[in-house]
Amino acid sequence: TPTTTPTTTPTSSLVTRLNTESKFYTNNENIINLVLMVNIGQYTFKQLMELVRLKDRKNFILYHLTPAIEQHFLKRLYPDKPNHPRQKYLLTAKGLALYNELKQRIETKY
């Protein structure tokens, strides 16, 4: 009996599929995960790294934090002083809107 092999395999995660329908769309899964983790809190750099379970500071800055700030999903509490001793990061209005939209879509799917 002949068997068929699928020509494509689904590779997109639930978050990515939900996010493509968003009006606050970003195709960067690192940003999506960071937005979902930050929620409405304020976190230090170290706390953010723990939230996303990364230990490599350079990769976290390059692939998570900088893109999230540049695309206006995340902001610094002290924007003019990046090295402020009490620096924390929080969602912008755009980041909060994306978070709320993703959360609502996830809840309605389950």
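Please read these numbers as outputs of a predicted model, since none were measured by experiment. (Residues numbered from 1 in each chain as written. Predicted model: local features only at pLDDT ≥ 70, side-chain atom pairs only at ≥ 80, totals over all residues. Heavy atoms only, no water.)

Caption draft 1: The arrangement of the packing of helix H2 (residues 29–38) against helix H4 (residues 57–70) in detail. Remark: H2 packs on H4, axes separated minimally by 9 Å, with the N-to-C direction vectors making an angle of 70°. What the angle tells us is that H2 and H4 run roughly perpendicular. As H2 packs across H4, the resulting crossing turns out to be right-handed. Residues Asn30, Ile31 and Leu34 of H2 pack against Phe60, Tyr63, His64, Leu65, Pro67 and Ala68 of H4. Taken together, the residues that form the contact of H2 with H4 break down as seven nonpolar, two polar and no charged. (Axes fitted to C-alpha atoms, helices over the stretch in contact; angles between N-to-C directions. Helix = DSSP H or I, 4+ residues; strand = E, 2+ residues; numbered from the N terminus. Parallel < 35°, antiparallel > 145°, perpendicular 65-115°, else oblique. Left-handed = near helix turned anticlockwise from the far one by under 90°. Contact = heavy atoms within 4.5 Å. Nonpolar A, V, L, I, M, F, W, Y, C, P; charged D, E, K, R; others polar.)

Caption draft 2: Molecular detail of the environment of glutamine 71. With respect to the helices and strands, the residue glutamine 71 is situated in the loop between H4 and strand S1 (74–76). Residue classification places glutamine 71 among the partly exposed residues on the basis of a relative accessible area of 30%. Along the sequence, glutamine 71 and lysine 94 sit 23 residues apart, while their C-alpha atoms lie 9.2 Å from each other. Once you skip the residues sitting within four places of it in the chain, glutamine 71 turns out to touch Thr26, Ile31 and Lys94. (Buried < 20%, exposed > 50% of the residue type's maximum accessible area, 1.4 Å probe, protein only.)

Caption draft 3: Layout of the pattern of salt bridges. Per the stated rule, a full pass over the model turns up one salt bridge. The closest approach of N and O atoms between glutamate 101 and arginine 105, which form a salt bridge, is 3.6 Å. With a gap of four residues between them, glutamate 101 and arginine 105 both fall in helix H5 (residues 93–109), about one helical turn apart. With relative accessibility at 24%, the residue arginine 105 sits in the partly exposed group. (Salt bridge = Lys/Arg side-chain N within 4 Å of Asp/Glu carboxyl O.)

Caption draft 4: Structural context of the environment of methionine 49. Locating methionine 49 in the fold gives a position in helix H3 (residues 45–51). A sequence separation of 15 residues divides methionine 49 from leucine 34, and the C-alpha atoms of the two residues are 9.5 Å apart. Excluding residues within four positions of it along the chain, methionine 49 makes contact with Leu54, Lys55, Asp56, Arg57 and Phe60.

Caption draft 5: Spatial organisation of the nonpolar core. Ranked by size, the top nonpolar core spans 20 residues in total, and within it Leu34, Val35, Leu48, Phe60, Leu65, Leu74 and Tyr89 carry the most contacts. When contributions to this core are tallied by element, the ones reaching two or more residues are H2, H3, H4, strand S2 (89–91) and H5. Considering every element that reaches this core, the biggest residue donor is H2, with five residues. Discounting chain neighbours no more than four positions away, the residues touching leucine 34 are Leu48, Val52, Phe60, His64, Leu65, Ala68 and Leu74. (Core = buried A, V, L, I, M, F, W, Y, C linked by side-chain atoms within 4.5 Å.)

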